[in-house]
Amino acid sequence: MTQVRHVLSLSGGKDSAALAIYMRDRVPNMEYIFSDTRKELKETYEYLERIEDYLGVRVHRLNAELGFDHWLDVYGGMIPSNHRRWCTKMLKLKPFETFIGDDPVLNYVGLRADENRSGYISHKANITPVYPFQEDGLKLADIEEILRSSGVGMPPYTKWGRSRSGCFFCFYQQKIEWVRLKETYPDLYEQAKEYEQVYEGSGNTFTWSERESLADLERPERMQAIKDEHRRRQLAKEARGENLTLEQVFARAERTDEADGDACLICTL
């Protein structure tokens with residue numbers, strides 16, 4: 001009988017990192033993998049090295065045989081979107097399933113108990129997803145404590161306000177994250193902007209950020225408007241969570257210009 005393999009998928013984000021730490025002494029012979037698109041931020045690679053130091057083992061880097069630019073050509077220049085997630089399929093899922101082969105596998109995924117979303121579900125019958133955080137009732141505060149107490153900490157890119165791992169031009173980024181990318185890595189912003197081309201088949205321009213090109217988004221007045229709107233939302237969120245009066249909310253706004261790195265959920269396998 002073929003022995004069941006235990007495989008944990010790392011995305012370069014906080015939840016999967018915390019799961020690797022959480023499971024290290026619970027499952028012997030765990031295999032740790034990372035599907036590398038070759039379009040990641042340098043901080044993601046640094047974070048993986050930090051995780052490896054804690055685990056004491058290497059993380060397998062899985063690379064698609066053909067990269068992003070090849071598949072962009074195959075898909076007629078249509079850059080990925082929420083409705084065209086060919087990047088996930090070709091650069092992450094296929095390398096993952098090739099690595100697994102036909103062996104029976106338990107694939108450990110870092111979805112928390114306080115998340116209302118589904119993880120990767122393979123069509124291959126030999127791959128069974130396992131969600132330890134959901135099974136054990138661990139929430140965001142627990143994940144943050146795991147990372148803090150282990151010394152691994154949060155992903156480095158959260159220091160400049162990015163909420164997710166993945167490609168630097170990920171279409172799931174919020175507007176404020178595009179602004180922060182422009183300010184932190186203007187060269188990567190320019191590279192992302194170059195991918196926004198007119199599609200000859202329809203005459204439409206495919207954009208990373210919904211209904212707005214990066215050329216329009218980077219206008220100084222537009223960037224400032226995005227920052228102002230983000231700050232307004234954060235203040236409203238704080239007011240709801242702490243039962244502040246409106247006067248207290250605006251008083252706090254005058255005292256600090258700190259940006260909160262909170263954003264949408266991290267995309268994991």
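A quick note: this is a predicted structure, and the numbers were derived from the prediction, not measured.

Colleague: Outline the sheet that holds strand β4 (residues 105-108), supporting the account with residue identities and numerical values.
Modeller: Ordered in space as β3-β2-β1-β4-β5, the 5 strands form an open sheet in which the pairing is parallel. In the strand order of this sheet, the two ends are held by β3 (60-63) and β5 (127-130), each with one partner. Taken over all neighbouring pairs, the strand axes of this sheet differ in orientation by 35° on average, direction set aside. Two elements, β4 and β5, share 4 bridges in a ladder whose sense is parallel. What sits directly across from Y108, in β5, is V130. Strand contacts of helix α2 (residues 42-55): β1 (5-10), β2 (31-36) and β3, with the helix running at about 175° to β2, the strand carrying the most contacts. The strands touched by helix α4 (residues 86-100) are β1, β2, β3, β4 and β5; relative to β2, the strand with the most contacts, the crossing angle is about 145°.

Colleague: Any chance you could break down helix α6 (residues 140-150) for me, citing the residues and the numbers?
Modeller: Restricting attention to buried positions, one finds in α6 the residues I143, I146, L147 and S150. One side of α6 carries all its buried residues, which in axial view fall inside an arc of 90°. Exposed side of α6, more than 90 degrees from the buried face: A141, R148 and S149 are the residues found there. Close packing links the buried residues of α6 with α1 (14-23), α2 and α5 (132-136). At the C-terminal side of α6, G151 shows a positive phi close to 85°.

Colleague: Help me get a handle on the packing of aromatic side chains, residues and values and all.
Modeller: Summed over the entire model, instances satisfying the criterion amount to 14 aromatic pairs. For the ring pair F68 and Y195, a centre distance of 5.4 Å and an interplane angle of 85° mean the geometry is edge-to-face. In this pair, F68 sits in helix α3 (residues 68-74) while Y195 sits in the loop between α8 (186-194) and α9 (214-217), placing the two residues 127 residues apart along the sequence. When sorted by exposure, F68 lands in the same class as Y195, which is buried. Between F171 and Y172, the aromatic rings sit 4.6 Å apart at their centres with planes inclined by 45°, giving tilted as the arrangement. Of the residues examined, Y172 reaches a relative accessible area of 26% and is grouped as partly exposed. Ring-pair connections join several aromatic residues into one group, and the members of that group are F68, Y75, W86, F168, F169, Y195 and W208. The ring of F99 has R5 lying over it, and the distance from NZ or CZ to the ring centre is 5.0 Å. Sitting above the plane of the Y22 ring, R26 keeps its charged end 3.8 Å from the centroid.

Colleague: So what about the pairing of β3? Which residues, and what values?
Modeller: When β2 meets β3, the two strands line up parallel, connected through 4 bridges. Directly across from I33, in β3, lies its bridge partner H60. On the question of chirality, the crossover connecting β2 to the parallel β3 by way of α2 is right-handed.

Colleague: Kindly report on unusual backbone geometry, identifying the contributing residues and their values.
Modeller: In this structure, N29 is a non-glycine residue whose phi angle is positive, near 60°. On the secondary structure map, N29 appears in the loop between α1 and β2. According to the relative accessible area criterion, N29 is exposed, its value standing at 69%. Of note in this structure, R211 is not a glycine but carries a positive phi near 60°. The class for R211 is exposed, based on a relative accessible area of 74%.

Cut-off values and rules
- Residues numbered from 1 in each chain as written.
- Predicted model: local features only at pLDDT ≥ 70, side-chain atom pairs only at ≥ 80, totals over all residues.
- Heavy atoms only, no water.
- Pairing = 2+ DSSP bridges.
- Helix = DSSP H or I, 4+ residues; strand = E, 2+ residues; numbered from the N terminus.
- Axes fitted to C-alpha atoms, helices over the stretch in contact; angles between N-to-C directions.
- Contact = heavy atoms within 4.5 Å.
- Buried < 20%, exposed > 50% of the residue type's maximum accessible area, 1.4 Å probe, protein only.
- Arc of directions from axis to C-beta.
- Phe/Tyr/Trp six-rings, centres within 6.5 Å; stacked < 30°, edge-to-face > 60°.
- Lys NZ or Arg CZ within 6 Å of the ring centre and 35° of its normal.
- Right-handed = clockwise from strand over helix to strand, strands pointing away.

Note that every value here comes from positions in space, so none of it alone points to a role or purpose.
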